[in-house]
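Fold and contact review
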Amino acid sequence: MKLDIKILRGDITQIHCDAIVNAANETLLGGGGVDGAIHRAAGKELLEFCRKLKGCRTGQAKISPGFDLKAKYVIHTVGPVWRGGDKNEQALLRSCYQNCMKIAEENKIAVMAFPAISTGVYGYPKEQAAETAISAVNAYKSKNGFPREVLFVCYSKGDEAIYGKLLGFFSAGK
Ligand code: AR6
């Protein structure tokens, strides 16, 4: 079955779906940006649960319940810090998206939402990050048909324009 890809603008903590992805750091103990917003909206139990996960390496992902969020799960992934582009950043970012898709498949998550991982505090160039995000998600081969739908949640109009342009390009190329 074909994966459905959509773009939404807004706050990922407010999205009704099965899982939202968190752009975390290796401690998984919270931070600023989307990570801070997710922890605030999920409540203290999320931090308590995350302590038991014992961190996460860059490019990897781990799942938790969503607690007070509208989403049932949070998939925490750690994007690379942008260091100029020759420190394996692209492969690591791709691996974040692939590992989140794999966890969604394993947990039979139908609809999942991604923020633009690494493009805030971690400084990854937005257009390049969006290209990798879309290409990794499109290339994922699920064996059981999960996830069925991926939402790219853009926090700004600028991000929405980048994803819109790229998705137009990708679908025109098919
Ligand atoms: N909903 C959707 N997108 C958001 C939201 C939100 N509520 N808030 C921010 N964004 P960032 P990173 C966008 O900095 O670059 C944290 O401290 C934001 O505009 O949250 O991966 C972690 O603990 C940007 O496009 O994550 C790590 O230490 C995108 O989310 C570090 O930041 C990612 O920005 C991770 O940095």
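Refer to the structure presented above.
1. Describing the sheet that holds strand β6 (residues 149-154)
With mixed pairing, six strands are arranged side by side in an open sheet as β1-β6-β5-β2-β4-β3. Taken across any chain shown, the strands that pair with only one partner, and hence form the sheet edges, are β1 (4-9) and β3 (61-65). Within the sheet, the average angular offset between the axes of one strand and its neighbour, ignoring direction, is 25 degrees. Pairing of β1 with β6, which is carried by six bridges, proceeds in the parallel orientation. Bridge pairing in β6 places I5 opposite V150. The strands that helix α2 (residues 44-53) touches are β3 and β4 (73-78); relative to β3, the one it contacts most, it runs at about 140 degrees.

2. Some details on the environment of I103
Structurally, I103 is set in helix α3 (residues 89-106). Separated by 18 residues in sequence, I103 and V121 have C-alpha atoms that sit 25 Å apart. When near neighbours in sequence (up to four residues on either side) are disregarded, I103 contacts A61, K62, I63 and I75.

How each quantity is defined
- Residues numbered from 1 in each chain as written.
- Predicted model: local features only at pLDDT ≥ 70, side-chain atom pairs only at ≥ 80, totals over all residues.
- Heavy atoms only, no water.
- Pairing = 2+ DSSP bridges.
- Helix = DSSP H or I, 4+ residues; strand = E, 2+ residues; numbered from the N terminus.
- Axes fitted to C-alpha atoms, helices over the stretch in contact; angles between N-to-C directions.
- Contact = heavy atoms within 4.5 Å.

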